[in-house]
Amino acid sequence: MSESVDLSIVIPCYNEEQRIPGFVISWEKFIRVESDRFFKTYPSVEIIFINDGSRDQTENLLKQVVPQLSNGTVIARFESLSMNQGKGAAVRRGFQL
């Protein structure tokens, strides 16, 4: 996780192609409603998706979603693990970035 970031959000993903679009919609709605208060508390935010060896289209979807979520205040990125290692390993990897 970046040291210059005020809040890091690590999201482990395994076969999440059906859920990621809903997350994006919820995040964008949250930001529209709570932007002033949220960014006053956390001026810089990173969202780290860890694709835990998904067998569906999760990685391809993350390639599309990450640029959509990134802006001057939010840095979104992802990393893919070559094989499924479990949620704990995915979260651990996110904290190592």
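A few points on the structure. (Residues numbered from 1 in each chain as written. Predicted model: local features only at pLDDT ≥ 70, side-chain atom pairs only at ≥ 80, totals over all residues. Heavy atoms only, no water.)

This part takes up the packing of aromatic side chains. Within this structure, the stated rule accounts for 7 aromatic pairs. Their ring planes at 20° and their centres at 6.3 Å tell us that phenylalanine 23 and tryptophan 27 sit as a pair that is stacked. Residue phenylalanine 23 and its partner tryptophan 27 are located together in helix 1 (residues 20-41), separated by 4 residues, close to a single helical turn. Relative accessible area serves as the criterion here: at 26%, phenylalanine 23 is assigned to the partly exposed category. (Phe/Tyr/Trp six-rings, centres within 6.5 Å; stacked < 30°, edge-to-face > 60°. Helix = DSSP H or I, 4+ residues; strand = E, 2+ residues; numbered from the N terminus. Buried < 20%, exposed > 50% of the residue type's maximum accessible area, 1.4 Å probe, protein only.)

Here helix 2 (residues 58-69) is 12 residues long and its end C-alpha atoms lie 16 Å apart, about the 16 Å a rise of 1.5 Å per residue gives. In this structure, the buried residues of helix 2 make contact with strand 1 (7-13), helix 1, strand 2 (45-52) and strand 3 (74-81). (Expected span 1.5 Å × (residues − 1). Contact = heavy atoms within 4.5 Å.)

Before going further, it helps to examine the packing of helix 1 against helix 2. Across the interface, helix 1 lies against helix 2 with an axial gap of 10 Å and an inter-helix angle of 15°. Considered as vectors, helix 1 and helix 2 are oriented roughly parallel to each other. Read as a crossing pair, helix 1 and helix 2 show a hand that is right-handed. Facing Ile20, Pro21, Phe23, Val24, Trp27 and Glu28 of helix 1, the residues of helix 2 in contact are Thr58, Leu61, Leu62, Val65, Gln68 and Leu69. (Axes fitted to C-alpha atoms, helices over the stretch in contact; angles between N-to-C directions. Parallel < 35°, antiparallel > 145°, perpendicular 65-115°, else oblique. Left-handed = near helix turned anticlockwise from the far one by under 90°.)

Another point: the pairing of strand 2. Counting buried positions along strand 2 yields 8 of 8 residues, so the element is predominantly enclosed. Along strand 2, one buried face is formed by Val45, Ile47, Phe49 and Asn51 and the opposite face, lined by Glu46, Ile48, Ile50 and Asp52, is buried too. Taken together, strand 1, helix 1 and strand 2 form a β-α-β motif whose crossover is right-handed. Looking at chain direction, strand 2 and strand 3 are connected through 8 bridges and run parallel. Each residue of the ladder has a partner; that of glutamate 46, found in strand 3, is isoleucine 75. (Right-handed = clockwise from strand over helix to strand, strands pointing away. Pairing = 2+ DSSP bridges.)

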